[in-house]
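Each chain is listed here by its residues.
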Amino acid sequence: IMVLADLGKRINGAVNNALSNTSDDYAVNVDTMLKAIVTALLESDVNIALVSRLRNNIKSKLMAQKPASGSTNAQTKKLIQKTVFDELCNLVDCDVKEPFNPKKKQCNVIMFVGLQGSGKTTSCTKLAVYYQKRGFKVGLVCADTFRAGAFDQLKQNAIKARIPFYGSYTETDPVQVADEGIKKFKKEKFEIIIVDTSGRHRQEEALFQEMIEISHVVKPNQTIMVLDASIGQAAEQQSKAFKDSSDFGAIILTKMDGHAKGGGAISAVAATHTPIIFIGTGEHVHDFEKFSPKSFVSKLLG
Ligand code: GDP
C-alpha cells in the first residue's frame, strides 16, 4: 500500500522515538510522540476531529497504564506500540454485525456507485472475477448510459475476464437497462449480478437522483461505493453525498498502489460508518485484496 507508506514510516518513527527521546519523563515522551503522529496524520489528510479523538484515546490509555518505575524499556515500548496500533485499527474499522455474504443458488444483486474515474468499472470486474473464482455464476450489467463508451469499456473488461455481461447501445434510460439486465440474468439463474452505474452527470444532483432511481428498480442486496484513495479531503464530502442517495453498505478503496496521501479516504470511512471491504492495488484484474483493519495497519507500519 504505497498510498500510506510515508504516513506509516512517520508513525513508526514517532513510536520508536518515544523512548529514546530527550526526557526521562514518560508523559513528556508520550506527548512528543503524539505530536509527531498527529502532524503525520493531518498531513496525510485525515480529518482533524478523527485525529484529535485518536490522540485523546492514545493519551488516556497510555496515562492510565503508566509503567511502574521498575519496568523495562521493552515493556513500555510494547505498551506504546500496541496502544497506537489498536487506535489506528479503530480508525479504519467499522465493525459490522452482519457483513454481506452472497449465497449460492440465490440471486444476489450488487450495485456500484462512485464518481467517474474512481475505478468503478475496473472494480466491478475485479469483484466479478473474485466471486467467479469462488464458484458463483456472475454477470455484469452496465447501467451507465451517460458516458459514451462506458458500455464498451465494461464489455472489454468482461470479455477479457470471461464474465457474461449486459448493456445497450441504444437505450438511453439507465433505469431501463438495469432492469432488463437484472431480469435477463435472474431468468438464467445467475447467483451474483453486479450493476455498474454512471459516475458523472451534467449536474451532481442529477447523478444522485439517478442512483436513487436505479436502486429502487435494482433492489440491491449490497451497494458498494468506489472511492479513489488519492482524492484527499474531498473524499469525505463525496462519500456523505453518496450515502444520502444510495446508502451504500461497503466501500472499495482504489489506487492504493499510488503515491498520493490516503488519509481522506480513511476519514470518509469514519464519516459514513461504512466498512472498506476490498482495496484496489493496480490496474490488473487480480490487483485486488480483501481488506482487514489489522492487516492494513500492520502493513502500514511495516
Ligand atoms: P470509472 O470511471 O470509475 O469506471 O473508472 P475506471 O474503472 O475506468 O478506472 C479509471 C482509471 O483508473 C483506469 O485507468 C483504471 O485502470 C485505473 N484504476 C482503477 N483501479 C485502480 C487501482 O486500484 N490502481 C491503479 N493504479 N489504477 C486503477
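Residues numbered from 1 in each chain as written. Predicted model: local features only at pLDDT ≥ 70, side-chain atom pairs only at ≥ 80, totals over all residues. Heavy atoms only, no water.

The name an unreviewed UniProt entry gives the chain is Signal recognition particle 54 kDa protein, with Naumovozyma castellii as the organism. Listed in UniProt under the heading Subunit (unreviewed entry), the comment for the chain reads: "Fungal signal recognition particle consists of a 7S RNA molecule (scR1) and at least six protein subunits: srp72, srp68, srp54, sec65, srp21 and srp14." One UniProt comment on the chain, placed under Catalytic activity (unreviewed entry), says "GTP + H2O = GDP + phosphate + H(+)". (UniProt positions renumbered as here; feature names shortened; annotations may be inferred.)

A.B. asks: Help me understand the pattern of salt bridges, please; the structure alone is not making it clear to me.
C.D. replies: When their charged atoms lie close together, side chains carrying opposite charge are able to pair. Applying the stated rule across the entire model yields ten salt bridges. Between lysine 59 and aspartate 31 there is a salt bridge, with its nearest N and O atoms 2.8 Å apart. With lysine 59 in helix α3 (residues 48–64) and aspartate 31 in helix α2 (residues 26–43), the pair connects residues that are 28 residues apart, well separated along the chain. Of the charged contacts, one joins glutamate 188 and lysine 184 as a salt bridge, the two residues approaching to 3.2 Å between their closest N and O atoms. (Salt bridge = Lys/Arg side-chain N within 4 Å of Asp/Glu carboxyl O. Helix = DSSP H or I, 4+ residues; strand = E, 2+ residues; numbered from the N terminus.)

A.B. asks: Sorry if this is basic, but what is going on with the UniProt feature "domain: SRP54-type proteins GTP-binding" (unreviewed entry) in the chain here?
C.D. replies: Residues given the UniProt feature "domain: SRP54-type proteins GTP-binding" (unreviewed entry) here are residues 275–288. End C-alpha to end C-alpha, residues 275–288 measures 16 Å, and it is 0% helix and 43% strand.

A.B. asks: Would you explain the sheet that holds strand β3 (residues 165–166) in this entry?
C.D. replies: What holds strands together in a sheet is hydrogen bonding between their backbones, with the strands either parallel or antiparallel. Taken in spatial order, the eight strands of this open sheet run β3-β2-β4-β1-β5-β6-β7-β8, and their pairing is mixed. Unpaired on one side and paired on the other, β3 and β8 (288–290) mark the two borders of the sheet. Where strand β6 (residues 250–254) and strand β7 (residues 276–280) come together, three bridges link them in parallel fashion. For leucine 253, the partnering residue across the bridge sits in β7 and is isoleucine 279. Across the sheet, helix α5 (residues 120–133) is in contact with β1 (108–113), β2 (138–143), β4 (192–197), β5 (222–228), β6, β7 and β8; its angle to β4 comes to roughly 175°. Packed onto the sheet, helix α9 (residues 234–246) meets β1 and β5 and runs at close to 160° relative to β5. (Pairing = 2+ DSSP bridges. Contact = heavy atoms within 4.5 Å. Axes fitted to C-alpha atoms, helices over the stretch in contact; angles between N-to-C directions.)

A.B. asks: What is the right way to look at the environment of glutamine 81 in this model?
C.D. replies: Position of glutamine 81 among the secondary structure elements: in helix α4 (residues 73–92). What makes glutamine 81 partly exposed here is its relative accessible area of 36%. A sequence separation of 61 residues divides glutamine 81 from cysteine 142, and the C-alpha atoms of the two residues are 46 Å apart. If sequence neighbours within four positions are ignored, glutamine 81 has contacts with Val15 and Asn16. (Buried < 20%, exposed > 50% of the residue type's maximum accessible area, 1.4 Å probe, protein only.)

A.B. asks: In this structure, what is going on with the layout of surface pockets? I would like to understand it.
C.D. replies: A water-sized probe rolled over the atoms picks out the places where empty space is left. The calculated volume of the largest pocket comes to roughly 680 Å³. Taken together, 32 residues make up the lining of the largest pocket; nearest its centre are Val96, Pro99, Phe100, Pro275 and Ile277. Each residue belonging to the lining of the largest pocket can be placed in one class, and the counts come to 20 nonpolar, seven polar and five charged. (1 Å grid on protein atoms, 1.4 Å probe; cavity = no way out; pocket = protein on both sides within 12 Å on 5 of 7 lines; lining within 4 Å. Points joined across faces, edges and corners; volume = space filled by probe spheres on them. Nonpolar A, V, L, I, M, F, W, Y, C, P; charged D, E, K, R; others polar.)

A.B. asks: I keep staring at the packing of helix α7 (residues 174–187) against helix α8 (residues 204–218) and nothing clicks. Help me out?
C.D. replies: Each pair of packed helices can be described by the angle between their axes along with the distance between the axes. Two elements in contact, α7 and α8, have axes whose closest approach is 9 Å; the angle formed by their N-to-C orientations is 25°. Classed by the angle they form, the pair α7 and α8 counts as roughly parallel. For the pair α7 and α8, the sense of crossing is right-handed. Each of Pro174, Val175, Ala178, Asp179 and Ile182 in α7 lies in contact with α8, whose residues at this interface are Glu210, Glu213, Ile214, Val217 and Val218. Looking at the contact of α7 with α8 residue by residue, the class counts come to seven nonpolar, no polar and three charged. (Parallel < 35°, antiparallel > 145°, perpendicular 65-115°, else oblique. Left-handed = near helix turned anticlockwise from the far one by under 90°.)

A.B. asks: Help me understand empty space enclosed by the protein, please; the structure alone is not making it clear to me.
C.D. replies: Applying the stated criterion to the full structure yields one cavity of 30 Å³ or more. The computed volume of the largest cavity comes to approximately 50 Å³.

A.B. asks: Explanation requested: α5 in the structure shown.
C.D. replies: Think of an α-helix as turning once every 3.6 residues; residues three or four places apart then point the same way. Between its terminal C-alpha atoms α5 stretches 20 Å, which fits the 20 Å expected from 14 residues at 1.5 Å a residue. With eleven of 14 residues buried, α5 is to be regarded as a mostly interior element. Among all positions of α5, only Lys120, Thr121, Ser123, Cys124, Thr125, Lys126, Leu127, Ala128, Val129, Tyr130 and Tyr131 are buried. Just downstream of α5, glycine 135 is the residue with a positive phi angle, here 90°. (Expected span 1.5 Å × (residues − 1).)

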